[in-house]
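This is what each chain is made of:
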Amino acid sequence: MRSWSRRRSACSDAAVPEPDSAAAPSAAPSGARIGAPVGVPTPRYTPPVRSIVVVPTYCEAENIAGLLRAIRAAAPATDVLVVDDDSPDGTGRIAEEVGAEVGGVRVLHRVRKEGLGAAYRHGFRVALDDGYDVVAQMDADLSHEPAVLPQLLDALVGGAEVAVGSRYVPGGSIPNWTRFRRGLSRWGNGYARWMLRLTVRDATSAFRAYRSEVLERIDIDGTRANGYLFQIETAYRLSAAGVRVQEVPITFVDRVAGQSKMAVVRTMVETELRVTWWGLSLRAPRLSSAFRRTPGGRYLADRVAPMPLPQGPGAGGRGRDPEH
Ligand SMILES: Nc1nc2c(ncn2[C@@H]2O[C@H](COP(=O)(O)OP(=O)(O)OP(=O)(O)O)[C@@H](O)[C@H]2O)c(=O)[nH]1
Ligand SMILES: [Mg+2]
């Protein structure tokens, strides 16, 4: 049986404190069972599932305590890994304190702010190396309802390989957004779906649960996008690898405390430009590399770095750009 007190080599480059052993989470069975792979007879006994949710944080001092308590209440058998980029408001320290109180929480202290993608890659790798069967992710700003976490885990038990909390399936909603922002986001998602042939309706959702082997299969360490684009890059890899995704409707609420790290319109424009660039590279590699040699293409490349193309097993050769 594993415990947090066992240090992992993947953590060795970060200052990860040994948590109080009294606060160590038990590896007790969650009661959940992962479904057997298709075509394999269902075993009479399936081993208990160990699950963890990775929560990236930057300046979430006002949200982190409530979030950790709510996760532990909603999904007591699920551990939490907070990945903090040395938030100057003390988020990491608060997470340690509340974690010691509620148990089952580990805090990964990173040395500087490097963006969401880097934080997720680090957190996922630590969780995978720790042998978790299921690795989930969610934002720290309470936009994602912790009570939905068990539903995502249940979807995996029901046979999905990945569960995505989705605003764009029946039952999903974004009540606080203006009609304009809702329209923009829905259009952006639809466009990315079409351009990159995604099978996920809510490709930018950061509320997900993965079976661990899927993260390995899509070569999560090989992803390169940061920020908002990270979710689209992983959605692309899931689609390209033919992973079974189930979308669970969620109500996405705006943060009420703390600062957003996203400039909405700028992020949307940059994201769509990169999606366009990437989509063209996939669909028409010769045309896109010819475009890059034109003054217009060079101008754009200087300002909006092209979205990195997936490398590795999950991305499996489908329309890979010869330039990358
Ligand atoms: N570790 C780490 N976490 C980050 C970084 N940037 C954002 N986050 C966290 O990522 C999650 C999503 O960030 P938000 O600022 O809420 O961005 P958003 O959800 O896209 O936009 P809003 O909901 O409008 O604020 C939150 O938990 C943030 O604290 C970063 O550079 N490093
Ligand atoms: Mg948010």
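Definitions and limits used
- Residues numbered from 1 in each chain as written.
- Chains lettered and ligands numbered in written order.
- Predicted model: local features only at pLDDT ≥ 70, side-chain atom pairs only at ≥ 80, totals over all residues.
- Helix = DSSP H or I, 4+ residues; strand = E, 2+ residues; numbered from the N terminus.
- Contact = placed C-beta atoms within 7 Å.
- Buried ≥ 20, exposed ≤ 12 C-beta atoms within 10 Å, placed from the backbone.
- Pairing = 2+ DSSP bridges.
- Axes fitted to C-alpha atoms, helices over the stretch in contact; angles between N-to-C directions.
- Core = buried A, V, L, I, M, F, W, Y, C linked by C-beta atoms within 7 Å.
- pLDDT = per-residue confidence, 0-100.
- Right-handed = clockwise from strand over helix to strand, strands pointing away.

*Asks:* Would you mind showing me how to read the overall build of the protein here?
*Replies:* For the protein, the helix and strand inventory stands at 10 helices and 7 strands. Sequence separation of at least 24 residues holds for 81% of the intrachain contacts in the protein that already meet a minimum separation of 6.

*Asks:* Sorry, what's going on with the environment of Trp194 here?
*Replies:* Of note, Trp194 is situated in helix H5 (residues 179–196). You can call Trp194 exposed: it has 11 C-beta atoms within 10 Å. Measuring from C-alpha to C-alpha, the distance between Trp194 and Gly279 comes to 8.9 Å, with 85 residues separating the pair along the chain.

*Asks:* Explain the sheet that holds strand S5 (residues 162–166) here, please?
*Replies:* By definition, the strands of a sheet pair up through backbone hydrogen bonds, in either a parallel or an antiparallel sense. Taking strand neighbours across the sheet as the criterion, the 7 strands line up as S3-S2-S1-S4-S6-S5-S7 in an open arrangement whose pairing is mixed. Two strands bound the open sheet, and with one partner strand each, they are strand S3 (105–109) and strand S7 (245–249). The mean inter-strand angle of the sheet, taken between neighbouring strand axes irrespective of direction, is 20 degrees. Direction of pairing for S5 relative to strand S6 (residues 208–211): antiparallel, over a ladder of 3 bridges. Following the sheet pairing, Val162 is matched in S6 by Tyr210. In the packing of helix H3 (residues 116–129) onto the sheet, contacts are made with strand S1 (51–57), strand S2 (78–84), S3 and strand S4 (134–137), and the angle to S1 comes to roughly 155 degrees.

*Asks:* How should the nonpolar core be read in this particular structure?
*Replies:* The nonpolar side chains of soluble globular proteins are, as a tendency, buried together. Ranked by size, the top nonpolar core spans 76 residues in total, and within it Val54, Val135 and Val162 carry the most contacts. The biggest single contributor to this core is H3, with 8 residues. Dropping the residues within four chain positions of it, Val162 is found in contact with Arg208, Ala209, Tyr210, Val214, Leu238, Val243 and Val245.

*Asks:* What is the right way to read the confidence of the model for the protein from this model?
*Replies:* In low-pLDDT segments, the atomic positions of the prediction should not be examined closely. This prediction gives the protein a mean pLDDT of 80; 76% of its residues lie at or above 70. Residue range residues 1–38 is modelled with pLDDT below 50. Its contacts to residues more than four positions away, or to other chains, number 63 contacts. Between residues 312–324, whose pLDDT stays under 50, and residues either more than four places distant or in other chains, the model counts 26 contacts.

*Asks:* What am I meant to see in unusual backbone geometry here?
*Replies:* The bulk of non-glycine residues show a negative phi, and the bulk of peptide bonds are trans. A positive phi is found at Cys59, a non-glycine position, where the angle reads about 55 degrees. Residue position: Cys59 is located in the loop between S1 and helix H1 (64–74).

*Asks:* Is there a simple way to think about the pairing of S1 in this case?
*Replies:* With 7 of 7 residues buried, S1 is to be regarded as a mostly interior element. Alternating residues of S1 divide into Ser51, Val53, Val55 and Thr57 and Ile52, Val54 and Pro56, and every residue in both groups is buried. In the sheet, S1 pairs with S2 via 7 bridges, with the strands oriented parallel. Note that in S2 the partner of Pro56 across the bridge is Val83. Handedness of the S1-H1-S2 crossover: right-handed.

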